[in-house]
Amino acid sequence: MRSFEHGATRSPFHSRTYGGLSSAQIGFLQNEVDFKKRQRILDPMAGQGSFLAELSHEGHDVTLEDINPGPLLLASLRDPELLCRAAELRAAILRKLPKRRTANTAPDYCSTWLSPCVLRDLERYSLIFGIPAHRLALSDESSFWTAPPLTRLAASLAVLAARRISCFRRSDNATWLKEGGLSQNQRLFDALKQALDEWCKYADSRLPILRARSKAGSLRLSWTDSTAANRFSQGPYNLVVTSPPYANRLDYTRLWAPELAVVGQLFSVDSSQVKERQIGTTVVRDRYPSEVAIRELPSVVQNVLSEIRSDVANKASERYYFPFFANYALHLQRAVLRTALRLRTQGTLVLFIRDTVRKDILFPAGSLVELVLCENGWFVPLAKHHQTVRHHIGLIRRDASGLYGSAQREWWLSFRKAKGCR
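These figures come from a predicted structure and were not determined experimentally.

Asks: Now, about the overall build of the chain: what can you tell me, with residues and values included?
Replies: A count of helices and strands for the chain gives 16 helices and twelve strands. For the chain, long-range pairs separated by at least 24 residues make up 77% of all intrachain contacts whose partners lie at least 6 apart in sequence. Taken as a whole, the chain presents about 18,700 Å² of accessible surface, with 48% of it coming from carbon and sulfur.

Here is the structure:
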């Protein structure tokens, strides 16, 4: 299958930051699933879902959901409908963009993600393409995903251009950005034209695959909280593939901050609602988990949480790290259970996740997922693989080694939903 040769058509928005399935993970997935048959696929924690989105080019029906709308708008740039109309949409965008080239301005320090000049240009751009007429909401009430193709592409291109037009500084972690810095010396409309050229080049690389299919696949996107009790309009799915956030204290809103700043300006989205509701949120103030809820977790996880809370020798164990890991465990449990309900009987669930550490205490995220799914014979394990990952995002403890320092243990898990389960 051509889509498994992912590096050959890697788009300019594939590995912008942390995330994406590795070639080895894709091989594991290929071994577990027969992609010669048309699949109905769900990823409820997709990020920009680079690989799964491209399966829609192969004729599969793919639904990508995430709590963060920034990467979802990048995922929309892989929509088969947009790609098949790339030449037409390019011409329409160029007709609407200002014809006169805007003069570059001298860089100036700005204390926010977007300078006043960029904010003005974004407001003008938004009106030109009718973006304010379409709502982007953290629910199925969003009208943006069914907006005209030109409007969807225009909004997504602005997100693709975010790092060319935003003001940020690098931190000691390459993926964490700090708000404010020298403003970029190019104007919004020039950056958008560059983003459009990049996207059209990507579209050209995918068109032969799209045209080779007798029946087109589909890509459906939704800004959704995977832990919320939503009424799902789509499903059931026969394949769920997902990689939940890891419990590594990484703030994903900081990782995607420039993109979220652009989304916020286009759709009046407050990034704090993403920060507070994402799995693995670093917000723990006034969010101390109840003992009743913790007792619903598998005993092995309860024991680890007890160790973390009683680790008084290390700073903030009870005040911060215990509620962080406890909330992570509870949210992950809820997300996994609600995702499982959307899978049809005999359907397959493939999950990639990592164990992480608090000092010398290993938090077993892989065991948590496996125990939650296989309780009472609800799911049957199909395959289980783990490996040690030595290059990863996050603070590396240079005074330690192995899983308690510079490495993490990653689990690749596959399950089948048992008969008789709904």
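From this point, the narrative continues.
Asks: Summarise helix α6 (residues 116-128); cite the residues concerned and give the values.
Replies: Since the α-helix advances by 3.6 residues per turn, residues separated by three or four positions end up pointing in the same direction. An ideal rise of 1.5 Å per residue puts 18 Å on 13 residues; α6 measures up with 19 Å between its terminal C-alpha atoms. Listed in full, the buried residues belonging to α6 are Val118, Asp121, Leu122, Tyr125 and Ser126. For α6, the angular spread of the buried residues around the axis is 140°, confining them to a single face. Exposed residues pointing more than 90 degrees away from the buried face of α6 are listed as Pro116, Arg120 and Leu127. Against the buried residues of α6 lie α7 (149-160), α8 (162-165), α9 (188-211) and α11 (257-267). Immediately beyond the C-terminal end of α6, within one or two residues, lies Gly130, with a positive phi of roughly 70°.

Asks: Account for the pattern of salt bridges, with residues named and values stated.
Replies: A side chain of one charge can pair with a side chain of the opposite charge when the charged atoms of the two come close. Taken as a whole and assessed by the stated rule, the structure comprises 17 salt bridges. Between Glu88 and Arg85 there is a salt bridge; the shortest N-O distance is 2.7 Å. The exposure class of Arg85 is partly exposed, given its relative accessible area of 30%. Its salt-bridge partner being Arg187, residue Asp121 comes within 3.1 Å of it at the nearest N-O pair. Here Arg187 lies in the loop between β6 (181-182) and α9 and Asp121 lies in helix α6, a separation of 66 residues in the sequence.

Asks: Tell me what's going on with the packing of helix α5 (residues 86-96) against α7, and back it up with residues and numbers.
Replies: Put simply, α5 and α7 touch, their axes get as near as 10 Å, and they point 70° apart. What the angle tells us is that α5 and α7 run roughly perpendicular. Side by side, α5 and α7 meet where Leu89, Ala92, Ile93 and Lys96 of the first sit next to Pro149, Leu150, Leu153 and Leu157 of the second. Within the contact of α5 with α7, the residues separate by chemical class into seven nonpolar, no polar and one charged.

Asks: Residue-level account of the packing of helix α14 (residues 299-309) against helix α15 (residues 317-340), with values.
Replies: Interhelical geometry of α14 versus α15 gives an angle of 165° and a closest axis separation of 8 Å. By the angle between their directions, the pair α14 and α15 is classed as roughly antiparallel. For the element pair α14 and α15, the recorded crossing hand is right-handed. Together, Val301, Leu305, Ile308 and Arg309 of α14 and Ser317, Glu318, Tyr321, Phe322, Phe325, Ala326 and Ala329 of α15 make up the contact between the two elements.

Asks: Outline the environment of Gln265, listing residues and values.
Replies: Note on placement: Gln265 falls in helix α11. Assessed through its relative accessible area of 32%, Gln265 is described here as partly exposed. Spatially, the C-alpha atom of Gln265 lies 10.0 Å from that of Arg120, the residues being 145 residues apart in sequence. With near-sequence residues (within four places) excluded, Gln265 lies in contact with Leu114, Leu119, Leu122 and Glu123.

Asks: Account for the nonpolar core, with residues named and values stated.
Replies: Within the largest apolar cluster, 84 residues are counted, with the highest numbers of intra-cluster contacts made by Leu64, Tyr125, Leu157, Trp199 and Phe267. In this view, Phe267 contacts Leu73, Ile131, His134, Leu136, Phe144 and Ala155; residues no more than four positions away in its chain are not counted. The next biggest cluster of nonpolar side chains, apart from the first, holds 43 residues, and it includes Ile279, Ala316, Leu332 and Leu351.

Asks: Lay out the side chain of Arg163 with the relevant residues and their values.
Replies: Locating Arg163 in the fold gives a position in helix α8. At a separation of 2.8 Å, a polar atom in the side chain of Arg163 contacts the side chain of Glu259.

Asks: How would you summarise the pairing of strand β9 (residues 343-358) if you had to cite specific residues and measurements?
Replies: Most of β9 sits out of view: 13 of its 16 residues are buried. Pairing of β9 with strand β12 (residues 408-417) involves eight bridges; the strand directions are antiparallel. Directly across from Thr348, in β12, lies its bridge partner Arg416. Pairing analysis gives three bridges linking β9 to strand β10 (residues 361-363), with the strands arranged antiparallel. Each residue of the ladder has a partner; that of Thr356, found in β10, is Phe363. Hairpin geometry of β9 and β10 is characterised by an intervening segment of two residues between the two adjacent antiparallel strands and by a positive phi of about 55° at Lys359.

Asks: Let's hear about unusual backbone geometry: which residues, and what values?
Replies: Despite not being glycine, Gln346 has its phi angle at roughly 70°, a positive value. For Gln346, a relative accessible area of 40% puts it in the partly exposed group. In this structure, Lys359 takes a positive phi of about 55° despite not being glycine. Looking at the secondary structure, you find Lys359 in the loop between β9 and β10.

Cut-offs used in this document
- Throughout this document, residue positions are counted from 1 along each chain, in the order its sequence is written.
- Reporting of local features is limited, given that this is a predicted model, to residues whose pLDDT is at least 70; pairs of side-chain atoms are given and counted only at 80 or more, and all residues count toward the totals for whole chains, interfaces and linings.
- Hydrogen atoms and water are omitted, and side-chain values are computed over all heavy atoms in the structure.
- A run of DSSP states H or I qualifies as a helix once it reaches four residues; a run of E qualifies as a strand once it reaches two. Both are numbered from the N-terminal end.
- Any two residues having at least one pair of non-hydrogen atoms within 4.5 Å are treated as being in contact.
- Per-residue and other accessible areas follow the Shrake-Rupley method at a 1.4 Å probe size, with only the shown protein chains counted as cover for residues.
- Expected helix span is taken as 1.5 Å per residue step, with the number of steps being one fewer than the number of residues.
- Buried residues are those whose accessible area, probed at 1.4 Å on protein chains only, stays under 20% of the maximum for their type, while exposed residues exceed 50% and partly exposed ones sit between those limits.
- Note that the arc is defined by the directions from the helix axis to the C-beta atoms.
- Salt bridge, as used here: a side-chain nitrogen of Lys or Arg that lies within 4 Å of a carboxyl oxygen of Asp or Glu.
- The angle between two axes is taken between their N-to-C directions and runs from 0 to 180 degrees, where each axis is a line fitted to C-alpha atoms and a helix contributes only its stretch in contact.
- Should an angle lie under 35 degrees it is considered roughly parallel, over 145 roughly antiparallel, and from 65 to 115 roughly perpendicular; all remaining angles are considered oblique.
- Residue type decides the class: Asp, Glu, Lys and Arg count as charged, Ala, Val, Leu, Ile, Met, Phe, Trp, Tyr, Cys and Pro as nonpolar, and the leftover types, Gly among them, as polar.
- Two helices that cross are described as forming a left-handed crossing if the nearer one is turned anticlockwise from the farther one by less than a right angle, and a right-handed crossing if clockwise.
- The criterion is simple. A nonpolar core is a set of buried Ala, Val, Leu, Ile, Met, Phe, Trp, Tyr and Cys residues joined through side-chain atoms within 4.5 Å.
- Polar contacts, as counted here, are pairs of nitrogen or oxygen atoms within 3.5 Å of one another; within protein the pair requires one atom able to donate a hydrogen and one able to accept it, and residues that are adjacent in sequence qualify only if both atoms are side-chain atoms.
- Here the rule is simple: two strands pair whenever DSSP picks up at least two bridges between them.

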